[in-house]
Amino acid sequence: PTLPVTETKHGLVLGDAIQTESDGEPDTWAGRWLRLTDDHLRLDACGLLACYLRVTESGRWASSSPEILRSLAPELPLQEDRLEKGYRYMDWYPPPHSAIAGIERLLPSQALPLDGGPLEPVRLAAADGELSLEEVIERWSVRLIACMENVAAAAAARGGRPWLALTSGRDSRVLLAALQAAGIDAMTFTFHSAGTSTGDREVPQLLASAAGLEHVAIPQPKMDPARAAEFDRHVACTFVGSARSQYASRRWEFAQPEDLVIEGGCLEAIRGYYWPRLPRTMPPTAAEATRVIVERFPTKRPAGVRAWVDWMLGPGHQHGMDWRDRFYIEQRAGGWISAGRQGFDLTGRRMVLPANCHAVLSDALSLPAPLRARAVLQDAFVRRLAPELADHPYNPGSKKERRKARRAAKVDGAVAGRTTFISRLRRAVRRRAR
């Protein structure tokens, strides 16, 4: 009942669509939203306000809630299998399928015709030529500062304030730098748990202090089994990540319903998050591509993976987009992050993701692969907008940082191989000279 609904010249907008340029087109909107025109329903850049679909005798129904659609008459049975949490698994139900037989899920690359016709392709955020690092920094500076200003204005209009989820990592620091450059008086917070790294316990407080902002560490109380069950019912058992434990332990009560929470989700796409786990070249057939994905991301739902591959190779084919980046946007973001944010909605709070923006992502994806893999953009952006934040270490001592370093080393086989060969050749020449 608290879902924002706004009439715009681009159609009816549900959710929080945050402008990154004055009176811009929908491709320049950040946040989390979907848009209804006279004839289509379209999702935001990564599909973070989900759209599930079900056909009954009364027609085709659409909802962001799989549980609402499941409970329509005739009620559908809840899925019997359950997700396994962990990096090594596909801990989401792969769209365009959902967890529940008889319910489908709209992909970010799909538009839903309101006349009942077949789904139509939509272009995803992708590289548009090749941009220099300086060009992307300038574009990001304009967009992310404007985004922060508009988030603060939207929160103030509701009688609230912005809260930034802050860690010792790069993504949240990019957003902190944009907040500081915009002169926004926001609150920052970090969730602490038994597994929280030393870096995430110590660095966020230092960063907030350097930015002149207050920081709050949120401890982890015991989970309430009744609230955990309520969360599971709300999401139809489609999410097993931290949003579940946060709701079950009432950890979001530090923020008021009038506040807007800012999170760095989707920025991982820029670093080639899944490049090391998938081959650079997509296998030539749908069957082989499905086999490769399921081999690397074990799942009990290979039919959902195959349906995604069939769409990607068929009506939804998009020339010039790295298929590993597309896997991140449509599966990791559109499948996993989206399911978690739908569970977060149960808290009554609202969350916006500045990187969930076609223009922001497209600019960054236009950088050369080695720069993306080493997070050069994020580091340079922070140093440009808020140099005092750049002196603090990123993810000190964490497994995540070590994995990132390994990913960066493996990301571009041709470049890495060539560099290694040249290095060996130089060493051989030096040995001969001696």
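Worth saying up front: this structure is predicted, and the values here are computed from it rather than measured.

Let's shift gears to the overall build of the chain. Helix and strand counts for the chain come out as 15 helices and 14 strands. Compactness check: the chain gives a C-alpha radius of gyration of 22 Å against a globular reference of 22 Å for 434 residues, within 12% of the reference. Along the three orthogonal principal directions, the C-alpha set of the chain runs to about 85 × 55 × 45 Å. Looking at the chain alone, contacts between residues at least 24 apart form 70% of all its contacts between residues at least 6 apart. Accessible area for the chain stands at about 19,200 Å²; split by element, carbon and sulfur atoms hold 53% of it. Between the centroid of the 59 positive side chains of the chain and the centroid of its 51 negative side chains there is a distance of 11 Å.

Counted under the stated rule, the structure contains 1 cavity of 30 Å³ or more. The computed volume of the largest cavity comes to approximately 50 Å³. As for the largest cavity, its lining consists of Y52, W92, Y93, H97, S98, A99, R105, T238, G335 and A339. For the lining of the largest cavity, a count of residues per class yields 5 nonpolar, 4 polar and 1 charged.

Scanning the model with the defined rule gives 25 salt bridges in all. Where R139 meets D363, a salt bridge forms, and the shortest distance between an N and an O atom there is 3.1 Å. Taken together, the residues span a long stretch of sequence, with R139 in helix α2 (residues 133-157) and D363 in helix α10 (residues 358-365) at a distance of 224 residues. Taking relative accessible area as the criterion, R139 reaches 38% and is therefore assigned partly exposed. Salt bridges here are not isolated pairs; linked through shared partners, they connect E288, R291, E295 and R296.

The next point concerns the pairing of strand β10 (residues 162-165). Across the two faces of β10 the burial is the same, with P162 and L164 and W163 and A165 all buried. As paired strands, β10 and strand β13 (residues 260-262) are joined by 3 bridges and run parallel to one another. Along β13, the bridge assignment pairs W163 with V261. Bridging between β10 and strand β11 (residues 187-191) involves 3 bridges; their strand directions are parallel. Bridged to W163 within β11 is M187. Chirality of the crossover, the property in question, places the unit of β10, helix α3 (residues 170-182) and β11 among those that are right-handed.

In this structure, V305 sits in helix α8 (residues 302-313). You can call V305 buried: its relative accessible area is 2%. Residues within four places of V305 in sequence aside, it is in contact with M90, P94, T290, I293, V294 and T299.

Turning to the sheet that holds strand β8 (residues 110-113), a few remarks are in order. On the basis of which strands lie adjacent, the open sheet formed by 6 strands has the order β1-β2-β3-β4-β8-β9 and antiparallel pairing. Of all strands in the sheet, those bounded by a partner on one side alone are β1 (5-8) and β9 (120-121). With 8 bridges connecting them, strand β2 (residues 11-19) and strand β3 (residues 29-36) associate as antiparallel partners. Counterpart to G15 in the pairing with β3 is W33.

Here helix α5 (residues 225-234) has its buried residues at R227, A228, F231 and D232. Here the buried residues of α5 occupy an arc of 145° about the axis, which is enough to place them on one side. Across from the buried face of α5, at angles greater than 90 degrees, the exposed residues are A226 and R233. Packing partners of the buried residues in α5 comprise α6 (242-248) and α9 (323-344). Two or three places before A226, at the opening of α5, D224 has a side-chain oxygen 2.9 Å from that residue's backbone nitrogen. Phi turns positive, to about 55°, at A236, one or two residues after α5.

Of all 8 residues in α10, 8 are buried; the element is thus mostly enclosed. Among the residues of α10, those classed as buried are H358, A359, V360, L361, S362, D363, A364 and L365. Buried positions along α10 lie against β3, α2, α9, α11 (369-373) and α12 (376-385).

Okay, the environment of G397 next. Relative to the helices and strands, G397 is located in the loop between α13 (387-390) and α14 (399-410). As a C-alpha pair, G397 and R54 span 343 residues in sequence and 46 Å in three-dimensional space.

The residue T56 is located in strand β5 (residues 52-56) in this model. A polar atom in the side chain of T56 sits 2.8 Å from the side chain of S58.

Parameters and conventions
Residues numbered from 1 in each chain as written. Predicted model: local features only at pLDDT ≥ 70, side-chain atom pairs only at ≥ 80, totals over all residues. Heavy atoms only, no water. Helix = DSSP H or I, 4+ residues; strand = E, 2+ residues; numbered from the N terminus. Rg over C-alpha atoms; globule rule 2.2 N^0.38 Å. Contact = heavy atoms within 4.5 Å. Areas by Shrake-Rupley, 256 points an atom, 1.4 Å probe, with all protein chains shown as cover. Lys, Arg positive; Asp, Glu negative; His and termini not counted. Charge placed at Lys NZ, Arg CZ, Asp CG, Glu CD. 1 Å grid on protein atoms, 1.4 Å probe; cavity = no way out; pocket = protein on both sides within 12 Å on 5 of 7 lines; lining within 4 Å. Points joined across faces, edges and corners; volume = space filled by probe spheres on them. Nonpolar A, V, L, I, M, F, W, Y, C, P; charged D, E, K, R; others polar. Salt bridge = Lys/Arg side-chain N within 4 Å of Asp/Glu carboxyl O. Buried < 20%, exposed > 50% of the residue type's maximum accessible area, 1.4 Å probe, protein only. Pairing = 2+ DSSP bridges. Right-handed = clockwise from strand over helix to strand, strands pointing away. Arc of directions from axis to C-beta. Polar contact = N/O pair within 3.5 Å; in protein donor to acceptor, adjacent residues only side chain to side chain.

Fair warning: the whole summary comes from geometry, so function is off the table for now.
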